[in-house]
Amino acid sequence: MSHDLRTPLAAIKASASALLDQSIAWSPNDRNELLTAIDEESDRLTLMVSNLLDLSRIEGGALIPDKDWQDVQELLQDVLNRTVRQTSGHRVNLKVEDDLPVVYFDYVEISQVMINLIGNAAKYSPPNSSITISAQQNRDALRIAVTDTGSGIPPGRLPHVFETFYRAHDEGTISGSGIGLAICRGLIEAHGGRIWAYSALDVGTTVTFEIPIDPNVRISAA
Ligand code: ATP
Ligand code: MG
């Protein structure tokens, strides 16, 4: 984990120091590249730090969702705007059922869940492949699914992907800390919901969650 935090920090430090070096006359292009690196690496760092803070709050039992009635379409549009950089090489489809009711949840926390799921879909699937995000009502629950057409997760590893620090891919291939899905599970359970994954090798992965539409109406078990 500390290694994962150090990588973007080192990149930011190196780019900033390079830009400040008076002995180098950077071309506008080089300058732009260094500034872009700083911009992108700070985004990565911000995401990792907010995941880590969430994790410590979840594990310390200090996570209390700040819920209110929310428009799902608006949340998903907002999340898509915030993840354009990660998904720029993919085709993203959004399928929101007509007439979805407003749903009672913590906007920041469900956004974080969506950002982690979309980040995974983009990270573990090839460029140009499609990512589909769907939202629908399933009885008393809001059901959201994120589907990719990527490498998939080996069946023996699938049951562990929601565990803290578990990574189903070999170290060194794709970077990550193994906490994104653990946080998703913590945040969804804090909403009285549930989250699960289906995956087939070389076909793709779907991660789905359900949360109650109304906090006074509990959702039925799977
Ligand atoms: P991070 O903490 O940065 O999210 P991570 O992506 O490795 O790191 P998780 O999001 O918790 O961690 O996912 C756990 C593991 O599950 C991943 O390392 C990956 O092996 C596997 N995984 C998750 N989502 C997918 C997906 N959409 N397709 C294939 N494998 C996936
Ligand atoms: Mg992840």
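From a predicted model like this one, the values you see are computed outputs, not experimental measurements.

Engineer: Explain the environment of Ile183 here, please?
Structural biologist: In this fold, Ile183 is placed in helix 6 (residues 180–190). Look at Ile183 and you get buried, because its relative accessible area is 0%. As for Ile183 and Ile58, which are separated by 125 residues in sequence, their C-alpha atoms are 7.7 Å apart. Each residue touching Ile183, except ones within four places of it in the same chain, is listed here: Asn51, Asp54, Leu55, Ile58 and Asn116.

Engineer: Please clarify how the sheet that holds strand 4 (residues 130–138) should be interpreted in this entry.
Structural biologist: Sheets are built from strands that pair by backbone hydrogen bonding, the pairs being arranged parallel or antiparallel. In space, the five strands of this open sheet follow the order 2-4-5-7-6, with mixed pairing throughout. In the strand order of this sheet, the two ends are held by strand 2 (91–96) and strand 6 (194–200), each with one partner. The mean inter-strand angle of the sheet, taken between neighbouring strand axes irrespective of direction, is 15°. As paired strands, strand 5 (residues 141–148) and strand 7 (residues 204–212) are joined by eight bridges and run antiparallel to one another.

Engineer: How should I be thinking about the packing of helix 5 (residues 107–123) against helix 6 in this particular structure?
Structural biologist: The geometry of a pair of packed helices is captured by two quantities: the angle between their axes and the separation between those axes. Between helix 5 and helix 6, the least distance of the axes is 9 Å, while the angle of their chain directions is 150°. By the criterion of interaxial angle, the relationship of helix 5 to helix 6 is roughly antiparallel. Judged by the sense of rotation from one axis to the other, the crossing of helix 5 with helix 6 is left-handed. Here Glu109, Ile110, Gln112, Val113, Asn116, Leu117 and Asn120 of helix 5 lie close against helix 6, whose contacting residues are Gly180, Leu181, Ile183, Cys184, Leu187 and Ile188. Here the residues of the contact of helix 5 with helix 6 sort into eight nonpolar, four polar and one charged.

Engineer: Before we go on, may I ask you to explain the site of ligand 1 in this structure?
Structural biologist: Around ligand 1, the surrounding shell holds 18 residues, and the nearest of these are Asn120, Asp148, Arg167, His169 and Leu181. Between ligand 1 and Gly178 there is a distance of 2.9 Å, counted from an oxygen atom to a backbone nitrogen or oxygen. The side chain of Thr205 places a nitrogen or oxygen atom 3.4 Å from a nitrogen atom of ligand 1. Against a free-state accessible area of 600 Å², the protein chains account for coverage of 94% of ligand 1. For the shell around ligand 1, the residue count by class is seven nonpolar, eight polar and three charged.

Analysis parameters
Residues numbered from 1 in each chain as written. Chains lettered and ligands numbered in written order. Predicted model: local features only at pLDDT ≥ 70, side-chain atom pairs only at ≥ 80, totals over all residues. Heavy atoms only, no water. Helix = DSSP H or I, 4+ residues; strand = E, 2+ residues; numbered from the N terminus. Buried < 20%, exposed > 50% of the residue type's maximum accessible area, 1.4 Å probe, protein only. Contact = heavy atoms within 4.5 Å. Pairing = 2+ DSSP bridges. Axes fitted to C-alpha atoms, helices over the stretch in contact; angles between N-to-C directions. Parallel < 35°, antiparallel > 145°, perpendicular 65-115°, else oblique. Left-handed = near helix turned anticlockwise from the far one by under 90°. Nonpolar A, V, L, I, M, F, W, Y, C, P; charged D, E, K, R; others polar. Near = heavy atom within 4 Å. Polar contact = N/O pair within 3.5 Å; in protein donor to acceptor, adjacent residues only side chain to side chain. Areas by Shrake-Rupley, 256 points an atom, 1.4 Å probe, with all protein chains shown as cover.

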